[in-house]
Amino acid sequence: MKRLFQLSAFVIFVLCGCGPEKPKPNIEQWKSEIVQVEKDFNAMAQSEGLANAFHHYAASDGVIRRKNKVVQGKSAIKDWYLQDMRPNETLQWTPTFVEVSNSGDLAYTYGDYIFKSVDSTGAIKENTGIFHTVWRRQTNGEWKFVWD
């Protein structure tokens, strides 16, 4: 009878999911990482230019959609920016929302951007909008974008 009780207790223990607690995902830490990556990405864009920043933060299979075309791969993304950007054009952005998967390997952000250019008369033109970026954690732990 004692053995039956012990066996029953064990079965109930297993079926109830009791036991060692699974580690909780560290969502807030991962969100902070993504916010910092976005800030660093934006800072690099200001200091080293968009081509270098997008090349640095793109995953090897990263994709951007520009002018209704998909540009895929780090080198193609850098080439697109080198060919398309004009002097005195800048892009700045700030994420306003971040979500990270429970597994901590995917995330997405969106927020506000400001694109500034100087026209032929010297007037500064500003376009504003919303950006959306999908991030994937790389095997070395770094976050790189796979969609922008």
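Higher on the page you've got the structure.
Below you will find a few notes about this structure. Computed from a predicted model, the values in this text were never measured in an experiment. (Residues numbered from 1 in each chain as written. Predicted model: local features only at pLDDT ≥ 70, side-chain atom pairs only at ≥ 80, totals over all residues. Heavy atoms only, no water.)

Side note on unusual backbone geometry
Moving on, step 1. Of note in the backbone geometry, Lys-67 takes a positive phi value of approximately 50 degrees without being a glycine.
Moving on, step 2. Non-glycine residue Asn-68 carries a positive phi angle of around 60 degrees.
Moving on, step 3. Structurally, Asn-68 can be placed in the loop between β1 (58-66) and β2 (69-72).
Moving on, step 4. Residue Asn-68 is classed as exposed on the basis of its relative accessible area, which comes to 64%. (Helix = DSSP H or I, 4+ residues; strand = E, 2+ residues; numbered from the N terminus. Buried < 20%, exposed > 50% of the residue type's maximum accessible area, 1.4 Å probe, protein only.)

Some remarks on the sheet that holds β1
Moving on, step 1. The strand order across the open sheet built from six strands is β2-β1-β6-β5-β4-β3, with neighbouring strands paired in mixed fashion. Unpaired on one side and paired on the other, β2 and β3 (90-100) mark the two borders of the sheet. Mean inter-strand twist for the sheet, computed between neighbouring axes without regard to direction, equals 35 degrees.
Moving on, step 2. Relative to strand β5 (residues 124-137), strand β4 (residues 106-118) is paired through 13 bridges, and the arrangement is antiparallel. Residue pairing across strands places Tyr-110 opposite His-132, the latter belonging to β5.
Moving on, step 3. Of the strands in this sheet, β3, β4, β5 and β6 (143-147) touch helix α2 (residues 27-48), which is tilted by about 170 degrees from β3. (Pairing = 2+ DSSP bridges. Axes fitted to C-alpha atoms, helices over the stretch in contact; angles between N-to-C directions. Contact = heavy atoms within 4.5 Å.)

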